[in-house]
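What follows is the residue order along each chain.
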Amino acid sequence: MPSRDISVYAQMWREGRLPVKKLTSSVITLDKINEAMDELVDGKAIRQIVMFN
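What you are looking at is a predicted structure, and each value in this text was computed from that prediction instead of being measured.

1. Re the overall build of the protein
Now for step 1: Along the protein, the regular secondary structure elements total three helices and two strands.
Now for step 2: Along the chain direction, N to C, the helices and strands of the protein fall in the order α-α-β-α-β.
Now for step 3: The globule rule puts the C-alpha radius of gyration for 53 residues at 10 Å, and the 13 Å found for the protein is more than 25% above it.
Now for step 4: Expressed as lengths along the three principal axes of its C-alpha atoms, the size of the protein is roughly 30 × 20 × 20 Å.
Now for step 5: Looking at the protein residue by residue over its 53 residues, the buried ones come to 9%.
Now for step 6: In the protein, once contacts between residues fewer than 6 apart in sequence are set aside, the share between residues at least 24 apart is 10%.
Now for step 7: With the model as given, the accessible surface of the protein reaches about 4700 Å², and the carbon-plus-sulfur share is 60%.
Now for step 8: Side chains of the protein carry 8 positive and 7 negative charges; the gap between the two charge centres is 11 Å.

2. Describing helix α1 (residues 2-14)
Now for step 1: Between its terminal C-alpha atoms α1 stretches 18 Å, which fits the 18 Å expected from 13 residues at 1.5 Å a residue.
Now for step 2: Following α1 by one or two positions, G16 has its phi on the positive side, about 80 degrees.

3. Regarding the pairing of strand β1 (residues 26-29)
Now for step 1: Summarising the sheet, β1 and strand β2 (residues 48-51) pair through four bridges and their orientation is parallel. Of the residues in β2, the one forming a bridge with I28 is V50.
Now for step 2: Remark: the β1/helix α3 (residues 33-42)/β2 crossover connection has right-handed handedness.

What counts and what doesn't
Residue positions are counted from 1 within each chain, in the order its sequence is given. Restriction of local features to residues with pLDDT of at least 70 applies here, the model being predicted, together with a cutoff of 80 or more for giving and counting side-chain atom pairs; totals for whole chains, interfaces and linings are based on all residues. Computation of side-chain values covers all heavy atoms of the structure but excludes hydrogens and water. Elements are defined by DSSP. Helices are runs of H or I of four residues or more, strands are runs of E of two residues or more, and each kind is numbered from the N terminus. A radius of gyration in this sense is built from C-alpha atoms; the matching globule rule multiplies 2.2 Å by the number of residues raised to 0.38. A 1.4 Å probe rolled over the protein chains alone gives each residue an accessible area, and that area as a share of the maximum for its type sets the label: buried under 20%, exposed over 50%, partly exposed in between. Two residues form a contact once any of their heavy atoms are found within 4.5 Å. Here the Shrake-Rupley method, with its probe set to 1.4 Å, supplies the accessible areas, and only the displayed protein chains count as covering residues. Charge counting follows a simple rule: Lys and Arg are positive, Asp and Glu are negative, and His as well as the terminal groups are ignored. Lys charges are placed at NZ, Arg charges at CZ, Asp charges at CG and Glu charges at CD. Take the residue count of a helix, subtract one, and multiply by 1.5 Å to get its expected span. Strand pairing follows a simple DSSP-based rule, namely that at least 2 bridges must link the two strands. Here is how to tell: hold the view so the strands point away, follow the path from the first strand over the helix to the second, and if it runs clockwise the crossover is right-handed.

Next comes the structure, spelled out in structure tokens:
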């Protein structure tokens, strides 16, 4: 359940027990979302963070 799990994951990250950088394939901007989705479909990426700037 997200209302419970997100706070647990955040605490794990703060404690250094959740290696977010190791679990991230790339960081993209919203204008690259189509290319990012293609990479997911092609298996070139697993997890991507979208930056909304």
